[in-house]
Amino acid sequence: MTENIKKIIEEKLSKILLPNKKNLIEEEIIEGISYKDGHIQISLFANKDNIEEIEVVGKLLKKELQNIEGVISVTTVLTNEPVKKSTSSTKEDKKQTIQKINNVKKIIAIASGKGGVGKSTISINLASAFSLMGKNVGILDADIHGPSVPHMLGLKGKPEVNSDKKIIPFEFNSMKVMSIGFLLNEEQPVVWRGPMVHSAIKQMATETDWGELDLLIIDMPPGTGDAQITVSQHLPLDGAVIVSTPQPVALNDAVKAIGMFRKVDIPIIGVIENMSYLLLEDGKKEDIFGTDGAKNMSEKEKIFFIEEIPLDKEIRESSDKGNPYIFEKPDGITKDIFLKAAEKIEKII
Ligand SMILES: Nc1ncnc2c1ncn2[C@@H]1O[C@H](COP(=O)(O)OP(=O)(O)OP(=O)(O)O)[C@@H](O)[C@H]1O
Ligand SMILES: [Mg+2]
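Here the residue numbering is sequential within each chain, running from 1 through the sequence in written order. Note on labels: chains are lettered from A, ligands numbered from 1, in written order. Only residues with pLDDT of 70 or above have their local features reported here, since the model is predicted, and side-chain atom pairs are shown and tallied only from 80 upward, although totals for entire chains, interfaces and linings are computed over all residues. Side-chain metrics in this entry use all non-hydrogen atoms of the structure; hydrogen atoms and water are not considered.

Enquirer: If you had to explain the overall build of the protein to someone new, which residues and values would you point to?
Expert: Of the regular secondary structure elements, the protein holds 12 helices and 12 strands. Against the 2.2 N^0.38 benchmark of 20 Å for 349 residues, the protein shows a C-alpha radius of gyration of 21 Å, consistent with a compact globule. By its C-alpha atoms, the protein is 70 × 50 × 35 Å across when sized along the principal axes. Only protein chains enter the accessibility calculation, which uses a 1.4 Å probe; a residue is then buried when its area is under 20% of its type maximum, exposed when over 50%, and partly exposed in between. In the protein, which comprises 349 residues, the share counted as buried stands at 52%. A contact between two residues is defined here by any heavy atoms of the two lying within 4.5 Å. Partitioning the intrachain contacts of the protein with sequence separation of at least 6 by distance along the chain shows that 74% fall at a separation of at least 24. For the area figures, the Shrake-Rupley method with a 1.4 Å probe applies, and any residue is considered shielded solely by the protein chains shown. Approximately 16,900 Å² of the protein is accessible, and the part contributed by carbon and sulfur atoms is 49%. With 45 positive and 52 negative side-chain charges, the protein shows a spacing of 4 Å between the two charge centroids. Think of it this way: any DSSP run of H or I at least four residues long counts as a helix, any run of E at least two long counts as a strand, and we number them from the N terminus. Taken over C-alpha atoms, the radius of gyration is set against a globule rule of 2.2 Å times the number of residues to the power 0.38. Charged-residue counts in this description rest on Lys and Arg as positive and Asp and Glu as negative, His and the chain ends being excluded. Where a charge lies is defined by one atom per residue type: Lys uses NZ, Arg uses CZ, Asp uses CG and Glu uses CD.

Enquirer: Outline the domain arrangement of the protein, supporting the account with residue identities and numerical values.
Expert: Residue ranges labeled as domains rest on an automatic or database domain assignment. Each assigned domain of the protein is listed with its residue range as follows: domain 1 (3-93) and domain 2 (104-348). Averaged C-alpha coordinates put domain 1 and domain 2 at centres separated by 32 Å. On the domain 2 side, the residues contacting the 14 residues of domain 1 number 13 residues. Buried area adds together the accessible area that both of two parts lose upon being put together, with accessible area traced by a 1.4 Å probe. Regarding the contact of domain 1 and domain 2, the summed buried area is about 1,100 Å², with carbon and sulfur atoms giving 49% of it. Salt bridges are defined as contacts in which a side-chain nitrogen from Lys or Arg sits within 4 Å of a carboxyl oxygen from Asp or Glu. Across the domain 1-domain 2 interface, the total number found is 1 salt bridge.

Enquirer: Before we move on, can you summarise the nonpolar core with the specific residues and values?
Expert: Each nonpolar core is a collection of buried residues, namely Ala, Val, Leu, Ile, Met, Phe, Trp, Tyr and Cys, held together in the definition by side-chain atoms within 4.5 Å. Counting 82 residues, the largest nonpolar core has L126, L216, I218, V231, I242 and F261 as its most contacted members. By residue number, the principal contributor to this core is helix 8 (residues 248-263), which donates 7 residues. Among all residues touching I218, those that are not within four sequence positions of it are I107, I108, A109, I110, L140, A142, V231, L235 and L237. In terms of nonpolar packing, the next biggest core, distinct from the first, is built from 23 residues, L18, L24, I30 and L44 among them.

Enquirer: Please give an account of the site of ligand 1 that cites residues and values.
Expert: As a structural note, the neighbourhood of ligand 1 is formed by 19 residues, with G118, K119, S120, T121 and P310 the closest of them. Contact distances for ligand 1 include 2.8 Å between an oxygen atom and a side-chain N or O atom of S120. In the environment of ligand 1, an oxygen atom lies 2.5 Å from a nitrogen or oxygen atom belonging to the side chain of T121. When ligand 1 is considered free in solution it has 630 Å² of accessible area, and contact with the protein chains removes 81% of it. Nearness of a residue to a molecule or strand requires only that one of the residue's heavy atoms be within 4 Å of it. Residues adjacent in sequence count toward polar contacts only when both atoms are side-chain atoms; beyond that, a polar contact is any pair of N or O atoms within 3.5 Å, and within protein one must be able to donate a hydrogen and the other to accept it.

Enquirer: So what about the packing of aromatic side chains? Which residues, and what values?
Expert: Two aromatic rings from Phe, Tyr or Trp, using only the six-membered ring of Trp, form a pair when their centres are within 6.5 Å; if the ring planes differ by under 30 degrees the pair is stacked, by over 60 it is edge-to-face, and anything between is tilted. For the structure on display, the rule yields 3 aromatic pairs. Look at F172 and F327: their rings are 6.3 Å apart centre to centre, the planes differ by 35°, and that puts the pair in the tilted class. Taken together, the residues span a long stretch of sequence, with F172 in strand 6 (residues 170-172) and F327 in helix 11 (residues 325-328) at a distance of 155 residues. On the basis of relative accessible area, F172 is assigned to the buried category, the value being 12%.

Enquirer: Describe the environment of Q228, and please don't skip the residues or the numbers.
Expert: Mapping Q228 onto the fold places it in helix 7 (residues 226-234). Owing to a relative accessible area of 3%, Q228 belongs among the buried residues under this scheme. Remark: the alpha-carbon pair of Q228 and N103, spanning 125 residues in sequence, is separated by 23 Å. Residue contacts for Q228: discarding those within four places in its chain leaves M220, P221, P222, G223 and M260. Looking at Q228, its side chain comes within polar contact range of the main-chain oxygen of G223, at 2.9 Å.

Enquirer: Break down the pairing of strand 12 (residues 305-311) for me, with residues and values.
Expert: Each regular strand shows side chains that alternate between the opposite faces of the sheet. The buried count for strand 12 comes to 5 of 7 residues, which makes it a mostly enclosed element. A pair of strands counts as paired when DSSP detects no fewer than two bridges linking them. As paired elements, strand 10 (residues 268-279) and strand 12 share 5 bridges and run parallel to each other. What sits directly across from V271, in strand 12, is F305.

Enquirer: Could you give me a rundown of the packing of helix 8 against helix 9 (residues 293-300), with the residues and numbers involved?
Expert: At a closest axis distance of 11 Å, the pairing of helix 8 and helix 9 adopts a crossing angle of 35°. Here the hand of the crossing between helix 8 and helix 9 comes out right-handed. Between helix 8 and helix 9, the contacting residues are L251, A254, V255 and I258 on the first element and G293, A294 and M297 on the second. Note on definitions: angles span 0 to 180 degrees between N-to-C directions of axes, and those axes are lines fitted to C-alpha atoms, for helices only across the stretch in contact. Handedness of each helix crossing follows the sense of rotation of the near helix against the far helix: counterclockwise by less than a right angle gives left-handed, clockwise gives right-handed.

This is the structure in structure tokens:
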């Protein structure tokens, strides 16, 4: 952060008073501030008792900081960490808030802007491909609002806790699997607030006994909300794979997701185009959602194009059966595409 901007921000912050007449810095409500290319992001500590108050503070902050010359956007994120007493938390930068995950060599996120484009399908099949390549793999389902990994891997039940108070993940063909779906009652909808999303994802990532992993694949929810911010800012991500269908509506959202990862300096590994074409029984291809949309977008965004995956009935059927396609159909035509995609990703990370 340039010193000048930092000073201006701190000065503005010191003038925002809470109902107890203390300012935000005195009350140690700010977890961290980052500033890059005109974009300010501020994380604020909140808990269930003060969340409403902090949300108001967030809005006020945005209004105040938006007026600083050169500032393009101001984003506030609520986190529910305990307030630190000894240090001035405004001095923390992003790197210091990143939580290490022991014994996990690489972590990648599978993300998209639009929902339903196949992130979960690709997460479980890529993980399976890496596993076939001899890697120790973990899958973290970070889709707090609609976890689908348990269903796609046919896993059910509540995870146990070991003597170190770490969650013992489920296993599928030697892959370690953790999902919020294991912890929630399926019938009970949960209304997630920002800080809850943050702590649930962080806890699943850092308090699961993953063992020794070569790779942890994080299946993200759609969009660029609290979950994305938590994963990209608080976990040591090595990169993100963007999934899109070839349709303009999905591509526009994919570009937004790319923008978000770039903003927080997470490398984009590449783009996977899903449902690129319909694989007909006679082996012919039919472009249902348009032709080469994601390929063209990746060229424009100067991002590596990983692979195109067909719309294949057997992929959907195997997911619904609870077995990843590449295990269910060991001779399937699309299996090689997932394996090639995994090899390319491995080379890049
Ligand atoms: N290549 C494909 N061929 C056939 N069906 C597919 C393919 N990819 C995904 N599907 C199916 O499309 C549906 C949506 O896929 P999936 O759940 O993986 O998307 P998602 O991006 O994770 O969705 P969400 O945003 O809700 O998390 C699922 O029923 C899945 O089985
Ligand atoms: Mg999903």
